[in-house]
Amino acid sequence: MKKIVFALIILIFGFLSAQQDEAQVFAAQLYNQSVIILADAKKQCQELPQKNKALANAVSGLHKKALEHKNVATNVFANAEYLLNFLQESIEKSCGLVNMANGESIKLIIAQEFEQLLVQKKSAANLEDFIGRIYGTEYGKLLYLATSVSSLEKMYTRWAAKMVSERNDMKKTISNIAEANTELKNELTDFTKTFKLYYEK
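## What to know about the overall build of the chain
And step 1. Looking only at helices and strands, one finds seven helices and zero strands in the chain.
And step 2. If you list the helices and strands of the chain from N to C, you get α-α-α-α-α-α-α.
And step 3. Per-residue burial over the chain gives 35% buried out of 201 residues.
And step 4. In the form shown here, the chain has an accessible surface area of approximately 12600 Å², with 59% of it arising from carbon and sulfur atoms.

## Side note on the packing of helix H3 (residues 74-100) against helix H7 (residues 170-199)
When two helices pack together, you describe them by how their axes are tilted relative to each other and by the distance separating the axes.
And step 1. Packing of H3 against H7 leaves a shortest axis separation of 10 Å and a crossing angle of 30°. Considering how the two elements wind past one another, H3 and H7 form a crossing that is left-handed. Contacts between H3 and H7 involve Val76, Phe77, Asn79, Ala80, Leu83, Leu84, Phe86, Leu87, Ser90, Lys93, Ser94 and Leu97 on the former and, on the latter, Ile174, Ile177, Ala178, Asn181, Leu184, Lys185, Leu188, Phe191, Thr192, Phe195 and Tyr199.
And step 2. Of the residues assigned to the contact of H3 with H7, the class counts are 16 nonpolar, five polar and two charged.

## Examining the state of the cysteines
And step 1. Counted by the stated rule, this structure contains one disulfide.
And step 2. Through a disulfide, Cys45 is tied to Cys95; the S-S separation comes to 2.1 Å. Between Cys45 and Cys95 the sulfur-sulfur dihedral comes to about -85°; the bridge is accordingly left-handed. In this pair, Cys45 sits in helix H1 (residues 2-45) while Cys95 sits in helix H3, placing the two residues 50 residues apart along the sequence.
And step 3. Note on Cys95: relative accessible area 5%, which makes it buried.

## Points about the packing of aromatic side chains
And step 1. As enumerated under the stated definition, the model contains seven aromatic pairs in all.
And step 2. Arranged with centres 5.8 Å apart and planes meeting at 50°, the rings of Phe26 and Phe114 form a pair that is tilted. Separated by 88 residues along the polypeptide, Phe26 in helix H1 and Phe114 in helix H4 (residues 103-123) bring together distant segments of the chain. For the pair formed by Phe26 and Phe114, the shared burial category is buried.
And step 3. Arranged with centres 6.1 Å apart and planes meeting at 80°, the rings of Phe26 and Phe130 form a pair that is edge-to-face. Here Phe26 is found in helix H1, whereas its partner Phe130 is found in helix H5 (residues 127-133), with 104 residues between them in sequence.
And step 4. Ring-pair connections join several aromatic residues into one group, and the members of that group are Tyr135, Tyr144, Phe191, Phe195 and Tyr198.

What counts and how
- The residue count restarts for each chain, going from 1 along the sequence in the order it is written.
- Since the coordinates come from a predicted model, pLDDT governs what is reported: local features require at least 70, and pairs of side-chain atoms require 80 or more to be given and counted, while whole-chain, interface and lining totals use all residues.
- Derived side-chain values reflect all non-hydrogen atoms in the structure, with water molecules and hydrogen atoms excluded from consideration.
- Counting from the N terminus, the helices are DSSP H or I runs at least four residues long and the strands are E runs at least two residues long.
- Between buried and exposed lies partly exposed: a residue is buried under 20% and exposed over 50% of the maximum accessible area for its type, with that area taken using a 1.4 Å probe on protein chains only.
- Methods summary: accessible areas were calculated by the Shrake-Rupley approach with a probe of 1.4 Å, and residue burial reflects only the protein chains presented.
- Axes here refer to lines fitted to C-alpha atoms; in helices the fit is confined to the stretch in contact. Angles between the N-to-C directions go from 0 to 180 degrees.
- The crossing is said to be left-handed when, going from far helix to near helix, the turn is anticlockwise and less than a right angle, and right-handed when the turn is clockwise.
- Contact definition: two residues touch when any of their heavy atoms are within 4.5 Å.
- Ten residues, namely Ala, Val, Leu, Ile, Met, Phe, Trp, Tyr, Cys and Pro, are considered nonpolar, four, namely Asp, Glu, Lys and Arg, are considered charged, and the remaining ones, Gly among them, are considered polar.
- A pair of sulfur atoms, both from cysteines and within 2.5 Å, is called a disulfide here.
- Here is the rule: rings of Phe, Tyr and Trp (six-membered ring for Trp) pair when centre to centre is within 6.5 Å. Planes less than 30 degrees apart are stacked, more than 60 are edge-to-face, and the remainder are tilted.

Put into structure tokens, the structure is as follows:
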């Protein structure tokens, strides 16, 4: 009888130990994942605000010249200036929040929400499903925030690339900028809606 009890104790202890190991591994995964993504976002935030601001200022100069000469492209440049300034606001807002986050705040978030995150992890079919399930958690907000900077950088890069493509043909350049404006407007609209869902509910 003592042997059976002893064997059960070992079995239960082993089971609890395995559960603890699994929880520790998951906690480490949560922390490492967010630290890596956040570090990338912070690196992007070192340059992106300055790069986009310089682009917005350059377009503002073009808009003023077009306005002075009553150029037919005045509205295109006006829209571009407005959109790039709107993009700048979004960049500064996201980067401001990103730069406030650090390793200690990540640990605090994970500690406070760990049980909830663990339950969702066990229920999720895959990583994408897990991300969907943790919507509304502080950890989910952190992941969204960190990846949002990358989305904003892509918007900047795509618009800038359109502007300089075929720059030897002024008509084509203006057409490209108009097209880039439409794309940026749609992207910023989607971004703003999503940002409000996460941070301004």
